[in-house]
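# Fold and contact review
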Amino acid sequence: MHTVSSISLAGGQGKTTVVLFVARLLAFQGHTVLLVDADPQSSLTTFLGHTVEPDNPTLLEVLKKQVNTEDGIYKTQYDNLFLIPSDDALDNVQDYLAGSGTGAFTLKKRLASVAKLFDYCIVDAPPQRSQICLTVIGASDALMIPIETSVKGLQSLIRTLELITELRDDQEAFNGEILGVIPFRDRWVGLRRTTESESNIESMKQISTQWLESDLVLPSIRESEKFKQAINKGLTLHQMHQDDLAYPIEVIVEKIKGLK
Ligand code: ATP
Ligand code: MG
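Residues numbered from 1 in each chain as written. Chains lettered and ligands numbered in written order. Predicted model: local features only at pLDDT ≥ 70, side-chain atom pairs only at ≥ 80, totals over all residues. Heavy atoms only, no water.

- Looking at an unreviewed UniProt entry, the protein chain carries the name ParA, chromosome partitioning protein, with the source organism given as Nostoc flagelliforme CCNUN1.

## Overview of the site of ligand 1
- Lining the immediate environment of ligand 1, one finds 19 residues, of which Gln13, Lys15, Thr16, Thr17 and Arg222 sit closest.
- Threonine 17 places a polar side-chain atom, nitrogen or oxygen, 2.5 Å from an oxygen atom of ligand 1.
- Contact distances for ligand 1 include 3.5 Å between an oxygen atom and a side-chain N or O atom of aspartate 39.
- Considered on its own, ligand 1 offers 630 Å² of accessible surface; in the complex 86% of this is hidden by protein.
- Where the shell around ligand 1 is concerned, the elements lending two or more residues are helix H1 (15–28), strand S7 (177–186), strand S10 (221–222) and helix H9 (226–233).
- Among the elements that make up the shell around ligand 1, the one with the highest residue count is H1 (three residues). (Near = heavy atom within 4 Å. Polar contact = N/O pair within 3.5 Å; in protein donor to acceptor, adjacent residues only side chain to side chain. Areas by Shrake-Rupley, 256 points an atom, 1.4 Å probe, with all protein chains shown as cover. Helix = DSSP H or I, 4+ residues; strand = E, 2+ residues; numbered from the N terminus.)

## Focus on the side chain of aspartate 39
- As for its placement among the helices and strands, aspartate 39 is situated in the loop between strand S2 (33–37) and helix H2 (43–47).
- Among buried Asp, Glu, Lys and Arg side chains, aspartate 39 stands out as unpaired, with lysine 15 the closest opposite charge at 6.4 Å.
- Of note is the side chain of aspartate 39, whose polar atom sits 2.8 Å from the side chain of glutamine 41.
- Once residues lying within four places of it in the same chain are set aside, the contact partners of aspartate 39 are Ser86, Leu90, Asp124, Ala125, Pro126 and Pro127. (Buried < 20%, exposed > 50% of the residue type's maximum accessible area, 1.4 Å probe, protein only. Lys, Arg positive; Asp, Glu negative; His and termini not counted. Salt bridge = Lys/Arg side-chain N within 4 Å of Asp/Glu carboxyl O. Contact = heavy atoms within 4.5 Å.)

## Looking at the environment of threonine 135
- Examined against the element boundaries, threonine 135 turns out to sit in helix H6 (residues 131–138).
- Sequence separation of threonine 135 and glutamate 166 is 31 residues, and the distance between their C-alpha atoms is 14 Å.
- Other than its neighbours up to four places away in sequence, threonine 135 contacts Leu97, Gly103, Ala104, Phe105, Thr106 and Leu107.

## Considering the sheet that holds strand S1 (residues 2–6)
- Across the sheet, eight strands lie side by side as S3-S4-S2-S5-S1-S6-S7-S10; this open sheet has mixed pairing. Strands with a single pairing partner mark the edges of an open sheet, and in this sheet they are strand S3 (74–75) and S10.
- In terms of strand pairing, S2 meets strand S4 (residues 81–84) through four bridges, oriented parallel. Paired with valine 33 across the two strands is leucine 81, which belongs to S4.
- Most of the contacts of helix H7 (residues 151–169) go to strand S6 (residues 142–148), to which it runs at about 160 degrees, and overall it touches S6 and S7. (Pairing = 2+ DSSP bridges. Axes fitted to C-alpha atoms, helices over the stretch in contact; angles between N-to-C directions.)

Next up, the structure:
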């Protein structure tokens with residue numbers, strides 16, 4: 001099982017959107033995929049139409065080892081796609097992770113027992129630099145970094161790269177691959193990209209070259225209502241005949257399938 005997480009240290013950067021579309025395309029292609037909702041806001045759980053019943057184990061109980069990891073996994077309405085859900089109680093795990101000493105490796109350890117059951121595990125991270133975020137990065141073989149094409153997005157990119165390099169170089173908690181930076185809500189008018197999007201994507205290239213010594217900016221996700229519509233209707237972008245919009249998702253999926 002390859003574990004790939006969506007990380008970006010600000011709200012509304014496209015983390016959950018990327019997780020959902022990437023996981024659904026992998027599952028649609030026949031791979032078995034485990035989704036992990038590691039955000040107490042639980043947007044991924046909601047997008048999948050999953051309801052957490054009061055006694056049902058979630059990621060909280062899995063991380064605290066109150067249940068076996070398998071007992072926190074649920075089927076979704078989609079073939080090949082499974083979910084470890086969350087709800088707002090997940091916030092209670094922060095102290096547990098901070099107190100354990102090896103909090104950055106907790107999720108990795110919990111996922112090890114189900115690694116044989118899935119081809120891929122795709123994790124949705126919270127927007128804050130929290131203990132949950134650290135354990136998500138620590139569990140990852142690879143990271144996807146969605147970044148809104150805005151000034152707020154560029155700040156998120158810098159904060160995110162700072163954290164990843166710190167975990168890699170100082171704490172040795174991450175030695176995976178960075179799949180790339182995915183510009184999110186790239187705005188076009190007719191056949192032209194807006195000057196604001198253009199200059200923000202140029203800045204993303206410069207920042208990623210500065211931090212990673214290579215330009216890791218991938219094809220962008222365009223500003224479009226179709227993504228929300230696809231989620232609401234439970235369809236893939238291909239099923240909605242939006243092949244152009246699906247292209248950036250396909251590129252990420254190919255990169256994930258190329259992981260060693
Ligand atoms: P949070 O940090 O709050 O978890 P996030 O980084 O997970 O946010 P998303 O929830 O994926 O970000 O996306 C932010 C919003 O943008 C959502 O309301 C989503 O429906 C919307 N959205 C998704 N795709 C697009 C798109 N292509 N164009 C415009 N808006 C989009
Ligand atoms: Mg989210």
